[in-house]
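Here are the chains, one letter per residue:
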Amino acid sequence: MSASFTALAGARAARHVREEGLRPTDIACIPAAAGGPKGLALIPLDKRLFGGWLRDAPHIDLIGASIGAWRMFAAAQLDPVAALARLAEGYIEQRYPRDPTPRDVSVECRRLARAVLGGERMPRLRGNVGVSVIATRVRGVLDRNGSRAAFARAALANARSRHALAAHMQRVIFDAGDARFPVQGFDAFGLERVRLAPENCEDALLASGSIPLVCEPVRDPAGAARGDYWDGGLIDYHLALPYHTLGGIVLYPHFVPYVTPGWLDKFLPWRKRPRTHPWLDNVLLIAPSREFLARLPGGRLPERQDFYRYGLDHAARIRAWRRAIGECERFADEVMAWLERPDPTRLVPL
């Protein structure tokens with residue numbers, strides 16, 4: 001029995017696998033979490049899913065934040081394997097000076113967004129997908145104020161409740177294709193939808209991955225409400241969304257075996273690993289196992305701290321990341337073998 005991955009399922013998803021197995025036509029949605037370089041580990045699996053198994057599925061909603069948004073936008077293109085390869089290569093090859101400024105990081109991230117777009121302002125997407133790019137429009141104390149003090153006040157509000165954080169942040173989804181999920185607001189952060197177009201596609205991707213205090217905000221993207229736009233993971237870090245409203249199965253390739261609602265929640269133990277949630281009833285989550293992670297350089301996935309850990313030794317970081325992604329090819333093969341002939345005894349409760 002392979003130990004490279006863990007398969008976790010909500011009750012409805014587990015029952016479906018036990019009774020009916022799993023087919024590409026069962027998949028209604030694929031979410032993709034924020035998480036910086038950790039998302040690189042899932043690109044080998046993305047290539048197999050979107051370049052093969054799911055290629056002819058009738059309709060799938062793809063939704064993501066930060067690197068998850070970049071992965072899903074790449075996966076939605078006519079040649080998903082090539083687009084995902086551009087994303088991986090561009091991300092791996094990022095290089096920064098010793099003390100990069102937010103401007104330095106934004107310039108590099110814009111270059112990466114352009115790599116995902118393949119040199120086009122708005123590439124053509126496949127007809128069987130809808131893609132949603134999540135960004136955060138700030139308001140309240142954060143309006144035109146990206147200081148540490150302002151974000152500290154927002155963090156204190158979040159410690160009280162996510163509802164309190166909504167006074168400072170609004171969810172904005174930039175979408176393209178036949179995007180059907182979510183159809184309306186479902187929490188205090190609201191839901192403003194903006195159609196992706198040549199005038200705003202690059203800015204939307206950049207906004208979704210613009211980390212506060214690390215990057216500059218994206219200001220006033222075309223077609224959207226005026227304001228500063230930041231990383232979509234601030235609100236939807238691991239995308240805890242109302243998936244239970246969908247009729248099919250939500251296939252969630254993830255890099256951890258739990259779903260943390262917002263980026264600030266990862267610092268709050270009682271929210272980092274929430275208990276079973278009814279929204280996850282039809283979710284099938286696939287994550288690397290502890291045994292697999294132990295085989296990677298440093299015993300972990302690539303992470304943003306590697307930029308600081310390796311400093312100006314870009315070659316060493318790049319070697320470590322390429323080795324990790326190489327190991328993830330085997331992870332992807334084993335996941336695909338299971339998806340094609342799922343063994344329900346491998347499932348554990350999500």
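The paragraphs below set out a description of the structure included in this document.

**A short note on the pattern of salt bridges**
Okay, so step 1: For the structure shown, the criterion picks out 27 salt bridges.
Okay, so step 2: The salt bridge involving Asp175 is made with Arg193; its shortest N-O contact spans 2.7 Å. In this pair, Asp175 is assigned in strand β5 (residues 169–177) and Arg193 in strand β6 (residues 192–195), connecting sequence segments 18 residues apart.
Okay, so step 3: Among the residues examined, Asp175 registers a relative accessible area of 7% and is labelled buried.
Okay, so step 4: Between Arg195 and Asp175 there is a salt bridge whose closest N-O contact spans 2.7 Å. Remark: Asp175 occurs in strand β5 and Arg195 occurs in strand β6; sequence separation between them is 20 residues.
Okay, so step 5: The exposure class assigned to Arg195 is partly exposed, which follows from its relative accessible area of 49%.
Okay, so step 6: The network of salt bridges with common partners includes Arg144, Arg219, Asp220, Arg226 and Asp228.

**Topic: the packing of helix α3 (residues 67–75) against helix α5 (residues 102–117)**
Okay, so step 1: The interhelical angle for the contact between α3 and α5, taken along N-to-C directions, is 20°, at an axis separation of 9 Å. Here α3 is positioned roughly parallel relative to α5, judged by the angle of their axes. Of the residues in α5, those in contact with Trp70, Phe73 and Ala74 of α3 are Leu112, Val116 and Leu117.

Criteria and thresholds
Per-chain numbering applies: the sequence of each chain, read as written, is numbered from 1 onward. Residues qualify for local features only when their pLDDT is at least 70, as the model is predicted, and side-chain atom pairs are given and counted only at 80 or more; totals for whole chains, interfaces and linings, by contrast, use all residues. Based on all heavy atoms of the structure, the side-chain values leave hydrogens and waters out of the count. Every case where a carboxyl oxygen of Asp or Glu lies within 4 Å of a side-chain nitrogen of Lys or Arg is listed as a salt bridge. Numbering goes from the N terminus for both helices and strands, where a helix is a DSSP run of H or I of at least four residues and a strand is a run of E of at least two. Throughout this description, buried means an accessible area under 20% of the type-specific maximum (1.4 Å probe, protein chains only), exposed means over 50%, and partly exposed covers the range between. Simply put, an axis is a line fit to the C-alpha atoms, just over the touching stretch for a helix, and the angle between two N-to-C directions goes from 0 to 180 degrees. Oblique is the label for any angle not covered by the other classes, which are roughly parallel (under 35 degrees), roughly antiparallel (over 145) and roughly perpendicular (65 to 115). Here a residue-residue contact requires only that any non-hydrogen atoms of the pair lie within 4.5 Å.

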